[in-house]
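A closer look at the structure
Each chain, written out:
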There are 2 protein chains.
Amino acid sequence: MTKQWVYLSRNGKEEYARVYGHAPSLNDMKVLFGGKGAGLVDMTSAGAPVPPSATLTTEACVEYMNTGKLPAGLWDQVLVAVKDIEQQTGKQFGGTTNPLLVSVRSGARVSMPGMMDTVLNLGLNDATRAALAKLTGNEWFSYDAYRRFITMFSDIVMGYSREHYERRLEELKEKEGVEGDPDVSLDGMKWLVAEYKQMYKAHFGEDFPTDPYKQLEAAIIAVFKSWNGKRAVDYRIHENIPHDWGTAVNVCTMVFGNMGNDSGTGVAFTRDPSTGAKVFYGDYLLNAQGEDVVAGIRNTKPVSRMGEDLPEMYAQLVEITQKLEKHYKDMQDTEFTIERGKLWMLQTRNGKRTSRASIKIAVDMANEGLITREEAVMRVTPKEVDALLHPQFDEKDVQKAKAAGRLLSTVGVNVSPGAAVGVLAFDADTAEALKKAGKSVIMIRPETKPEDVHGMIASKGILTSRGGATAHAAVVARQFGIPAVVGARDLDIDVDAREVRVGGQVLKEGDWASLNGANSEVFAGQIALTEPDFDKEVELRTLLEWADEISSKADARQWPSDYKGFPTRGLQVWTNADYPKDARRARLYGAKGIGLCRTEHMFFEQERLPFVQQMILNADAAQALFDRESRLQTTLDTGKEEGANITADRRAEVAKELEATKEEVAKSEAVKVYLAALAKLLPSQRSDFYGLFEAMDGCPVIIRLIDPPLHEFLPGEEELLVAVTELEADASRPRTETGKRLFEETLHAKKVMLDAVKKMHEANPMMGLRGIRLGITYPDITKMQVRAILEAACDAAQKGISVHPEIMIPLTGHFNELAVAQAELEAVAKQVTLEKGVQVDYKFGTMIEIPRAALTSAKIAEYAQFYSFGTNDLTQMTYGYSRDDAERRFLSKYVDTGILPANPFQILDRDGVGKLMKMCVRDGRATRTDLECGICGEHGGEPSSVEFCYLAGLNYVSCSPFRVPVARLAAAQAAVTHRGKALS
Amino acid sequence: MTKQWVYLSRNGKEEYARVYGHAPSLNDMKVLFGGKGAGLVDMTSAGAPVPPSATLTTEACVEYMNTGKLPAGLWDQVLVAVKDIEQQTGKQFGGTTNPLLVSVRSGARVSMPGMMDTVLNLGLNDATRAALAKLTGNEWFSYDAYRRFITMFSDIVMGYSREHYERRLEELKEKEGVEGDPDVSLDGMKWLVAEYKQMYKAHFGEDFPTDPYKQLEAAIIAVFKSWNGKRAVDYRIHENIPHDWGTAVNVCTMVFGNMGNDSGTGVAFTRDPSTGAKVFYGDYLLNAQGEDVVAGIRNTKPVSRMGEDLPEMYAQLVEITQKLEKHYKDMQDTEFTIERGKLWMLQTRNGKRTSRASIKIAVDMANEGLITREEAVMRVTPKEVDALLHPQFDEKDVQKAKAAGRLLSTVGVNVSPGAAVGVLAFDADTAEALKKAGKSVIMIRPETKPEDVHGMIASKGILTSRGGATAHAAVVARQFGIPAVVGARDLDIDVDAREVRVGGQVLKEGDWASLNGANSEVFAGQIALTEPDFDKEVELRTLLEWADEISSKADARQWPSDYKGFPTRGLQVWTNADYPKDARRARLYGAKGIGLCRTEHMFFEQERLPFVQQMILNADAAQALFDRESRLQTTLDTGKEEGANITADRRAEVAKELEATKEEVAKSEAVKVYLAALAKLLPSQRSDFYGLFEAMDGCPVIIRLIDPPLHEFLPGEEELLVAVTELEADASRPRTETGKRLFEETLHAKKVMLDAVKKMHEANPMMGLRGIRLGITYPDITKMQVRAILEAACDAAQKGISVHPEIMIPLTGHFNELAVAQAELEAVAKQVTLEKGVQVDYKFGTMIEIPRAALTSAKIAEYAQFYSFGTNDLTQMTYGYSRDDAERRFLSKYVDTGILPANPFQILDRDGVGKLMKMCVRDGRATRTDLECGICGEHGGEPSSVEFCYLAGLNYVSCSPFRVPVARLAAAQAAVTHRGKALS
């Protein structure tokens, strides 16, 4: 018996079952019918009236490739199929009353853009064209359809480039003095068809084929051959697709919506793709072709109005689309055509939607019972959740602005999503002043520094021309949820001239600008905004509650049995927050703890900075005295010096030195100022922490001790150097006595500061005196901080607040650093609780951000009760990339050219940094099974990185408040994706 | 039967065998007799006439501790032993003719400095003192001995502090108006003894004991009790020594060399400890006490002269010391005393010796058959080998200089051993000029920079007040074997004033100074020198040949069976050399290849630097054009832009753009200068490499492509900033036309350079645009280098030289970097060999210095044919330490206070960096079993690090030429130490 080479879409599923003995899955059908053919069959069997069609199987193609001819029996089956289609449609292939026209398309198992295009309108010749003209009442349309068919057939089936035909069309338009194809006259169209036929004959030496069956046979063979065309073969090699799959051929009835007032065409959505509301939504046109709807040439009507024009058809459409939504379990975007009172569904697919709609639809469908809650959680993307938490531009206004040439730049890095509109301010003070004057501000700087933070916080948006995803501007922006575009290189920001120049346009300070932190678009002028409100985002909150439920229950991370201490609880989401208001926001957003409070951010506050600077300028002198005192005391206590016993003489000497040193300490101005500055900072820090404990009642709060190099709190070296050089060059100018004194004082102060800054200068500050190294060098600073933390905790506990402070020591590289520093600080903590008479549940732990810490985790966990991965620095040091420069200097090129799969400061590098993290967690828990492990680097809010943290067995991820919802979703999705799989 | 508590040294070994049923090892004896007791027994049984002595066992001590009283039978055994000693010596304990005096000492299994001191002269009372006076003919001596005994007995046995007695002595000296103890009058001594007895009685309420047996019993009990004294217990806790070991008590005959002209005393060495020559060596004094020899109060005679005074005794002494040398298989340092015609050996120990002597003695002893070659290799320390390769100070001259107060500083870091003498030069140019004028120079700077290298090379020594073991000065100094002291913080180096101030002294430019790079001593003026000559170091060369033999044969590193590709060959020693003369020197020193040639060092040469700077200043502009050209060409070639097919219109546009770009390239001044500079550098580099291949005929030569950030080749930013600011401040001064033009030109040039430097400024240059990142950003530079390497290699091969170039790509972090860069460079290499028509055996590999490279070694080894660990940078990034600053800022404190066991830039950190290296080697060889792995960081010449490299399975270590001999020794010692042990 002949093999079945041709299947009708109206009974493809049943036929398959008959031939193969089992009902096909969608994938089974894709293998045999190709993707498009499977779709036609599936849609038909879902009950949609799909224009009758037939599919020649991929097996037929393979057979053709092997033998070089159409398989025996195939053509007969094609003829049977055509008959069947004629019957279904009431049309005749080549008929002159109601002619059947078809489209012919290739369709492989997977989509292959490199293959054959579609041939439309196959079946046209002079007679059928005339019939079409009569049926549509549109002669121009019939000639245009014929012209297009000749072009496509010549080009795609016969291989004679369409360029030749198109050139003739261009000439015609020039002659007629018209711009668009639709403007060509009827006579022009007629002439064109005649001309095309002539050209065809001149090229091929024979007439353009008029027999529809000949046309069809040629098209089928062309599709089969196209499988081994150069483009297709290249594509398969590139995409690693087997060469022996073959392609199917789809022959599908053409239907026309322009056959009178019982015809029409449109696009219909089963829900509103903008809001997600469960309403029937779309556009339609009476008596029109599908492309008229899309092209926007004629004014469409809302599809709901179709109920007035064609009530029966409308009811049918509604019913069918609902059926399709149920079938595909997702909101459907459908195309339909009504040809002379008969509804045809041309296409259905899962509809694109806004972020808001996506979330609403997922939650609604779960509530309707159409999908499970877990499916709802898996269907929404983290990006969609993120979008809802930032102001967004009104899309129509964006289009208008683009049309008006107001788009200034798109090349920046989109580091903090959300849209912002404001007047430009070229420095932090101006930004703050404008804000106080009631303006919305966009702060614009070549780059930002810590002293700019007050201006940044005052701004609606931040825009810089330098830096990348982890520049200061980017970090601060994300931290505070301020939309930002950084490193927009094409902006020439002239701070002195208070203007920015780009592509011939100039914006001055105070001019309006708008930026979209989600896609890095920057506009001149204002774009209309929509604002977020988490409280009102009912569906989002529902979805995230479901996500948390999944995270807490469905966590079934399975570790090899020799791994110790991996959490059985789900991956929690904590937040990075320095201030109570951030903490409160993060709790609203669902955070279960604070994973990182950066104490030094508090040092930058304007009223504290003077004390911080006093502390720094006197620290070395004071500490040198303290060190000497303690060294002498130790010698007396132990009777030893450098390991050797001391003589009585030496002992007397040391005792005398100690006395002298104590006197020196008592008299020292440096010590006085140093201790006074610390004493001044203590109550401020205490009240900072109290506020945090209050906001996080019942939750753990990880507070990191001072981390950055101290010079960050002082003015820049270059600035000081220029000032001193200028002053010195100006020294000889004649001055009054007062002027002279003032001049000397100014110069002296600048010089002192310059000296201090120079002394602190480091070739690579990132790897310099910071973190725990500071704590060991100047123990009084960290002791003050620990005292402030414990005093605040005790005070809060006494007020009935449930406090769980966790004190984090940053930048540990060797366990001995912890052994020394932690012991000192634990003593302070104990001392405070004794003083206050309050028991507080506190922990000491460390940040893992130095590769060596990760490598020696087994030892470090002997001291640390918790780990927090500082993946920003860990990535810097594992890669040897300085994030301040890398993006500007080479990293962008690395990502653009594919040397790196992604920017490792945005998406955690699993192969390198991640490998270290896994080792670290495993080795650490082997030492201390209840070691709490989390991440507080910016990766903590990035979905792929959250997934990795789940896989690495962390207890929590911590991210900026605005990323908490995203992380909650990502954590749940990771749990679902990897449920029950063994991890390594 | 009573246990044997007391053993005589004359038959201790035999007694032990009788009691325990087996001959004791030295360790067995230490357990029972303590370290000192075992030594006495061992020396006696080696045939030396040791003053008769007895040892009370550690068991006796334990028994005493348990029961609180002397064990039963012990005192009887003591009495028997005393009798035996009396018999041996012909003296009587408490006798008034020839009284026996003894010393009583504690002696635990291991040396415990925290325990009881020695009691000498026990047995003295008025009667025995008188006998002693008579025997020695020295009444003063007898009173002095008695006075000392009372002091020691009171203090050590009875616990009444010696301070009380010493105060009385001080008062006496003041009264008599004398300085030293020996100057006290006889009457004074007499008075003192009487006074001491009074004091004793006043304090204890009873007379000072006169019965020698009572004295002895009290001393024995005091020693036993001292085991649980506070000092001893603390020491044991600190050193982790068990508390139940107990101490032995040694009772030993006192002998006196001042009993007439048939008596004497001296120190004798079996070989010359200064040269190692096999001659009898030492000093002696007739009729004198041992301390007279040591104190240098009387002029000693060479021991060889003893043959004239006491020929029999001399012959006996020579014979006995030879016997002892054979027994201990090492050069002996002995103390002897002749008491009334009887020779006593008081002590023998392995003698301290100079480095030179150590090597000669080891080689001689192996040649004499006394020890094996392997023992000879194990006996010499790497430090001793090192010392022979650097000029050294004459020790006597050093002492003289110290006595004269010429020692200026000792607090610097001793970074490059050897001694240097020269006139001070405060900058590189002056150093060079002085050298040309025939002077020996010591260059002194606060710190050095790359542009100082020409001055450093011209200098005999380098001295800085800043930096540490890995500062620029230190690295360059070691590289060129220039003695250096860096970071001598107490030196106030005033470059402007051309002087250095320290401790009240001032040295000016041109003044002489001397420094010792081995111990960081710095002197004013000249110290006499001894110079090294490897050719003449016959014994050293022999020893190192034996070491190589061991390395190549005895390498039996055993790896777990699942490890792939670990070398069965020994650990080789290669060298880091940039110039042929270094390479030649390294071969002389035994290097088997070049592990690192730093091509950029060649860029710093004065005649090339201008071209290098031109290249840098034009690289960005030129590269931007090249990049645009190549992007457009790719679009035309592939017909795609950003992945999408382009239209015909766009294609035409691109073609036009490409034409325009090509024109722009052709006209571009930047391109012209850039390519011209590269073309200028090519022949220089080629001839550099040719010289290296010639010098290393037959050996592998690893050449590293350009590595440092480009700004290192430009002037410093601060310098330029000050210059520009000063010029601008001076702009308004009236000038002639020419002056104005000149001024404008100067200002412009400085500004251009400043702009370029600013643009290149990086916050952390260590982690910035350097290494392979440069190669990918500016491929023409590395292509030029590869062309130069291959051209040189082909030329050399044609001249019959056996060339094995290995091209090393630095700073790889991701395998894709290699995938891209290496492919381009391999194409150049292939191209050159085709042009030249020569087959050259070359390799491509990478430096492993980024943690991520080590972590992803399995992938990187798919590209790299060899690895070289750049442990300087790998340590920086694994620890997060910037070596430019770390030492100055906190690392010294870390090492001083024991937070770090050692400076990880000096001694490779096995737990962190080493762990990464092991992973990297193992994973890399799993991918590529013949992966060649080596180290080229400075650790390659440090013995402990060499041992680690052996353990990690490396093929070779590479170090500076001057460290090659050290590394050869260390490699052999590692092989011996770990022979046959399984590695992990």
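Residues numbered from 1 in each chain as written. Chains lettered and ligands numbered in written order. Predicted model: local features only at pLDDT ≥ 70, side-chain atom pairs only at ≥ 80, totals over all residues. Heavy atoms only, no water.

1. What about the overall build of chain A?
- When you go through chain A residue by residue, the secondary structure sums to 38 helices and 35 strands.
- With respect to the three principal axes, the spread of C-alpha positions in chain A is 125 × 75 × 55 Å.
- Every one of the 984 residues in chain A was classed for burial, and the buried ones make up 56%.
- The long-range fraction of contacts in chain A, counting pairs at least 24 apart against all pairs at least 6 apart in sequence, stands at 69%.
- In the form shown here, chain A has an accessible surface area of approximately 40200 Å², with 50% of it arising from carbon and sulfur atoms. (Helix = DSSP H or I, 4+ residues; strand = E, 2+ residues; numbered from the N terminus. Buried < 20%, exposed > 50% of the residue type's maximum accessible area, 1.4 Å probe, protein only. Contact = heavy atoms within 4.5 Å. Areas by Shrake-Rupley, 256 points an atom, 1.4 Å probe, with all protein chains shown as cover.)

2. Points about the sheet that holds strand S2 (residues 53-56) of chain B
All names here are of chain B.
- What the five strands build is an open sheet, ordered S1-S2-S7-S5-S6; its pairing is antiparallel. At either margin of the open sheet sits one strand with a lone partner, and together these are strand S1 (6-8) and strand S6 (119-122). With strand direction ignored, the average angle separating the axes of adjacent strands in the sheet is 25°.
- By the bridge criterion, two bridges tie strand S5 (residues 102-108) to S6 in an arrangement that is antiparallel. Along S6, the bridge assignment pairs valine 104 with valine 119. (Pairing = 2+ DSSP bridges. Axes fitted to C-alpha atoms, helices over the stretch in contact; angles between N-to-C directions.)

3. Points about the environment of alanine 376 of chain B
- Residue position: alanine 376 of chain B is located in helix H15 (residues 373-379).
- On a C-alpha basis, the gap between alanine 376 of chain B and glycine 229 of chain B in space is 42 Å, while along the polypeptide they are 147 residues apart.

4. Re the pattern of salt bridges
- Considering all chains together, one arrives at 140 salt bridges over all chains under this definition.
- Note that arginine 353 of chain A is salt-bridged to aspartate 330 of chain A, the shortest N-O span being 2.9 Å. One end of the pair, arginine 353 of chain A, is in the loop between strand S12 (342-350) and helix H14 (355-368); the other, aspartate 330 of chain A, is in the loop between helix H13 (311-328) and strand S11 (332-339), and 23 residues separate them in sequence.
- Aspartate 330 of chain A gets classed as buried once you look at its relative accessible area, which sits at 6%.
- With its nearest N and O atoms 2.4 Å apart, the salt bridge here joins arginine 10 of chain B to aspartate 84 of chain B. With arginine 10 of chain B in the loop between S1 and helix H1 (12-20) and aspartate 84 of chain B in helix H4 (residues 74-89), the pair connects residues that are 74 residues apart, well separated along the chain.
- One connected set of salt bridges, linked through shared partners, spans Asp492, Asp494, Glu499, Arg501 and Lys508 of chain A. (Salt bridge = Lys/Arg side-chain N within 4 Å of Asp/Glu carboxyl O.)

5. What to know about the relation of the copies chain A and chain B
- Of the transformation superimposing chain A on chain B, the axial component is 0.3 Å and the angular component is 180°, with the fit at an RMSD of 0.4 Å. Within this description, the copies of the chain are treated as partners about a two-fold rotation axis. For chain A, the smallest separation between a C-alpha atom and the rotation axis is recorded for asparagine 764 of chain A, amounting to 2.3 Å.
- Interface overlap between copies is the fraction of interface residues in one copy that are interface residues in the other; for chain A against chain B it reaches 97%, indicating a shared surface. (Least-squares fit on C-alpha atoms with pLDDT ≥ 70 in both.)

6. Structural notes on helix H3 (residues 58-67) of chain A
Residue and element names in this part refer to chain A.
- Those residues of H3 that fall on the buried side of the exposure criterion are Thr58, Ala60, Cys61 and Tyr64. All buried residues of H3 lie within an arc of 155° about the axis, which places them on one face of the element.
- Here the buried face of H3 lies against helix H2 (26-45), strand S2 (53-56), helix H4 (74-89), helix H9 (212-226) and strand S7 (247-253).
- With its phi angle positive at about 80°, glycine 68 sits one or two positions after the end of H3. (Arc of directions from axis to C-beta.)

7. Quick notes on the nonpolar core
- By size, the foremost hydrophobic cluster in this structure holds 325 residues, and its most contacted members are Met615 and Phe693 of chain A together with Met615 and Phe693 of chain B.
- Apart from the residues lying within four places of it in its own chain, the contact partners of phenylalanine 693 of chain A are Val701, Ile703, Ile789, Ala792, Ala793, Ala796, Ile801, Val803 and Pro805 of chain A.
- The next biggest cluster of nonpolar side chains, apart from the first, holds 65 residues, and it includes Ala60, Leu100, Met189 and Leu192 of chain B. (Core = buried A, V, L, I, M, F, W, Y, C linked by side-chain atoms within 4.5 Å.)

8. Things to note about the interface of chain A and chain B
- Tallying the contact residues gives 60 residues for chain A and 60 residues for chain B.
- Buried area between chain A and chain B, both sides added, is near 5300 Å², and the carbon and sulfur share of it is 56%.
- Considering only the surface of chain A that becomes buried against chain B, Met767, Arg852 and Arg889 of chain A emerge as the three largest contributors, covering 14% of it.
- Between chain A and chain B we count 10 salt bridges in total.
- Its salt-bridge partner being aspartate 923 of chain A, residue lysine 915 of chain B comes within 3.6 Å of it at the nearest N-O pair.
- The interface formed by chain A and chain B includes 30 residue pairs in polar contact (both at pLDDT 80 or more).
- Going through the elements one at a time, helix H27 (717-729), helix H28 (737-760), helix H29 (772-777), helix H31 (815-836), helix H32 (851-855), helix H34 (871-879), helix H35 (886-896) and helix H36 (910-927) of chain A are the ones with two or more residues in the side of chain A that touches chain B.
- Take the side of chain A that touches chain B: its biggest share by element is seven residues, from H27 of chain A. (Buried area = accessible area lost by both parts, 1.4 Å probe. Polar contact = N/O pair within 3.5 Å; in protein donor to acceptor, adjacent residues only side chain to side chain.)

9. A short note on the pairing of strand S35 (residues 956-959) of chain A
Residue and element names in this part refer to chain A.
- Burial along S35 is two-sided: the face carrying Tyr956 and Ser958 and the face carrying Val957 and Cys959 are both buried.
- Where strand S26 (residues 572-576) meets S35, four bridges bridge the pair, whose relative direction is parallel. Across the sheet, the residue bridging to valine 573 is valine 957, located in S35.
- Pairing geometry for strand S34 (residues 932-935) and S35, over two bridges, is parallel. Counted as the bridge partner of glycine 934 is tyrosine 956 from S35.
- Crossover S34 to S35 through helix H37 (residues 943-951) is right-handed. (Right-handed = clockwise from strand over helix to strand, strands pointing away.)

10. Looking at the packing of aromatic side chains
All names here are of chain A.
- Taken as a whole and assessed by the stated rule, the structure comprises 56 aromatic pairs over all chains.
- A centroid spacing of 5.7 Å and a plane angle of 85° characterise the contact between phenylalanine 149 and phenylalanine 208, whose relative ring orientation is edge-to-face. Of the two residues, phenylalanine 149 is situated in helix H6 (residues 139-157) and phenylalanine 208 in the loop between helix H8 (186-204) and H9; the sequence distance between them amounts to 59 residues.
- Its relative accessible area of 0% is what places phenylalanine 149 among the buried residues.
- Centroid distance phenylalanine 269 to tyrosine 281: 5.9 Å. Interplanar angle 75°. Geometry classified as edge-to-face. Separated by 12 residues along the polypeptide, phenylalanine 269 in strand S8 (residues 264-269) and tyrosine 281 in strand S9 (residues 281-286) bring together distant segments of the chain.
- One aromatic cluster in this structure is built from Phe149, Phe153, Tyr160, Tyr165, Tyr196, Tyr200, Phe204 and Phe208.
- The aromatic ring of tryptophan 245 is capped on one face by arginine 109, whose charged end is 4.0 Å from the ring centroid. (Phe/Tyr/Trp six-rings, centres within 6.5 Å; stacked < 30°, edge-to-face > 60°. Lys NZ or Arg CZ within 6 Å of the ring centre and 35° of its normal.)

11. Here we look at the side chain of aspartate 386 of chain A
Residue and element names in this part refer to chain A.
- Its location among the elements puts aspartate 386 in helix H16 (residues 382-387).
- Look at aspartate 386 and you get buried, because its relative accessible area is 8%.
- Leaving out residues up to four positions away in the same chain, aspartate 386 has contacts with Pro417, Phe962, Arg963 and Val966.

Bear in mind that shape data such as this cannot, by itself, settle questions of function.
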